[in-house]
Every structure is written in structure tokens, then in C-alpha cells.
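The chain contents come next:
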Amino acid sequence: MNDQQHPHDHDHDHAHGHDHDHGHVTHMQSGSRTLRLSIASALVVVAILAASLTVVSQGTALVVTRFGDPVRVEVSPGLVWRMPAPVERTVAVDLRLHTTATGLHDVGTKDGLRIQIAAFAAWRVPAQADAILSHLRSVRGDANEAAGHLRSFLGSALETEASRFTLNELVNTDASQVRLDVLEQALVKRLAEQARATYGIELVQVGIERLGLPESTIKATVERMIAERQTAAAERKAKGAQLAAEINQAAFRDSRITIAHAQEEASAVEAKARTEAAAIYAKAHAADPELYAFLRGLDTLEQIITSGTRLVLRTDAAPFKSLVEAPVAPATGGAGK
């Protein structure tokens, strides 16, 4: 009986142990499945967060698009929430300062000369929604493409605006005559509105980077400088001749005035002498008329007869009568006779 009972007990123990092991495994499998589900859920949540969160960095704007259409613009640095792709996507727009140079352009000046000029532009996209969207629509937010368009506009503006200035106003040793600042302001005024309206670009500064003269312009400039120097020399000579003429005219006027004064004084002296001589003659005539007539005859002969004079005249007529007739001595009584 004991022998028969032992197998039965063995089977019972074996069945009990088998049930215990089976329950323990089932419990482990259930815990592992729960852990896997938790990890998968966490991964899904992380993936959703990764797909829904994006970062706006400093100096950059993000345009959120929904099925390709812009719905909002984010410009503040930090995390931004959006719906996962493909529902919503983001496009970055660079808001930092950029510079663009045109290179040398051969342009004409107002006075018909050629110069080589290069300009630069400092620009950026302002942190404003309308400007950012305009920039995105025009060049898809590509700063290099915007710079290419701006270079083309700036080159055209250089050719137009430089033609309003003479060469002396652009290149001159006298800084007070150079008007490059006026040219730069004209370029800004011409480009600013167009760049903002078309590409959403704000011009910060436009400047002249380089100026050069081709050989033909240098030759024409040297020739013009020579002509200007010759003109200046001719003007100075003309001015000197004018001053000399004025001095000569003043000296001639002064000499005429001096001569006139001298002649006036000489006339006065001569008139006085004539008056005195007339008085003497009158006194002499009153004292001895015949002697007076004789002396006057001699004076007349002295005035009209020279060493080469030959006269054939009567000798008994005045004044030659004095040559052949001696004056009659005054009566002094019998001794005189």
C-alpha cells in the first residue's frame, strides 16, 4: 500500500510545483510588457515634443507655415510650439546685418568724363512681420539671393546718380569741393523704398568704397588742369595789365594836372612880367619917346631876324630906319650943336 501511495504523492507535488512556476513567469511577462509600453509611450511623447517644439535663436526669425501658407512670425528668442510636420513647418529668416559690394562700375560724369566707382551697402531684414514675410516671398529667405538683387539695383543707381556730378565734385584735392556724401544720400534715397517694398530689406548705410580714373580720364584731367592753369595765368596777366594801365592812366592824369598847374603858374608869372614890362615900357616911352621907338625896333629885329634871314626892305622905314639913323641927341644948348 505504501508502494502504491508514493507515486500518487509524487504526481501531486509535481503538479503543484508546475502551477507555481507558471504563475511566476506570467507575472514577470506582464511587468515587462508594462515597462515596454511605458517606454514606448515616453518615446512617443518625446517624439511629439521634438516635432512640435523648435528654437528661435538670436538674430533669426521663424515663419510658421501651415500646409505651405505662413500663419505667424516668431522673432523672440526661445522655444516655440507648433503642430508636427507636415501640418506645420518653420522657415528661418536671418535678421543679422549684411554687407554687399558692387565692384568697380565704369560710369559717366556730368562733364562727360568716365570714372570707375564701387559702392557698398549695409542691410538687414527688420524684425517686423510684414518685412519678414515680404523677404520670404521674394527670395525665400535666402540672404545670398537678396544680396545679388541688391548689387544689381545699386549698380544701376550708381550709373544714374553719378551722372549728376562733375568729376571735380567726386575727385578733388580740395576736400571742401568733394560731394561724395551727397552722392551717398542720393543712393540711399533712390534704393531704400524699392528695397523695402520688393525684398523686405532695410538699408542701414550706402557708401562709396572706391574711386578710380581710367587712362582716358587721367589724360583729359591733366589737359584740363593745364588749360585751367593757363587760363589762371592769362587772367592774372590781364589783371596785371589792367592794373598797369590804371597806374599809367593815373600817372598821366596827375602829370597833366601838374603841368596844368605849372602852366597856370607860368602864365600868371608871365602875365605879371608882361604887366611889369609894359609899365617899364610906358615909363620909358614917357621919358624919351624916340629912344623908346629905337629900342622897340631893335627888339622887333631880334625876334624876326636870324642868322639865315635875308631881307630886302627900305631902310628909311621902321624898324630898319634905326639901323641907318642914329638917334637924335637931346638938345643941350650951343655945346650940343
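Just so it is clear, the structure is predicted and the values come from calculations on it, not from any experiment.

Asker: Describe the overall build of the protein chain, listing the residues and the values that go with them.
Answerer: When helices and strands are tallied, the protein chain shows 8 helices and 9 strands. Put simply, the protein chain has 337 residues, and 22% of those count as buried. Relative to all contacts within the protein chain whose residues are 6 or more apart in sequence, the contacts with residues 24 or more apart total 63%. Only carbon and sulfur atoms are counted for the fraction: they give 57% of the accessible area of the protein chain, which is about 23700 Å².

Asker: Any chance you could break down the pattern of salt bridges for me, citing the residues and the numbers?
Answerer: Scanning all chains against the criterion turns up 11 salt bridges. Arginine 96 is the salt-bridge partner of aspartate 94, the closest N and O atoms lying 2.9 Å from each other. Glutamate 270 serves as the salt-bridge partner of arginine 274, at 2.8 Å between the closest nitrogen and oxygen. Note that arginine 274 and glutamate 270 are positioned in helix 6 (residues 215–287) at a spacing of 4 residues, about one turn of the helix. The class of arginine 274 is exposed, set by a relative accessible area of 54%.

Asker: Lay out helix 2 (residues 129–139) with the relevant residues and their values.
Answerer: Buried residues of helix 2: Ala131, Ile132, Ser134, His135, Leu136 and Val139, and no others. Where helix 2 terminates, the next one or two residues include arginine 140, which has phi positive at roughly 60 degrees.

Asker: Outline the environment of valine 56, listing residues and values.
Answerer: Counting through the fold element by element, valine 56 comes out in strand 1 (residues 53–56). By relative accessible area, valine 56 is classed as buried at 2%. Residues valine 56 and valine 80, spaced 24 residues apart in sequence, show a C-alpha to C-alpha distance of 7.0 Å. Non-local contacts of valine 56, meaning those with residues more than four positions away in its chain, are made with Leu62, Glu74, Val75, Ser76, Pro77, Gly78 and Val80.

The rules we used
Residues numbered from 1 in each chain as written. Predicted model: local features only at pLDDT ≥ 70, side-chain atom pairs only at ≥ 80, totals over all residues. Heavy atoms only, no water. Helix = DSSP H or I, 4+ residues; strand = E, 2+ residues; numbered from the N terminus. Buried < 20%, exposed > 50% of the residue type's maximum accessible area, 1.4 Å probe, protein only. Contact = heavy atoms within 4.5 Å. Areas by Shrake-Rupley, 256 points an atom, 1.4 Å probe, with all protein chains shown as cover. Salt bridge = Lys/Arg side-chain N within 4 Å of Asp/Glu carboxyl O.

Worth remembering: the numbers are spatial, not functional.
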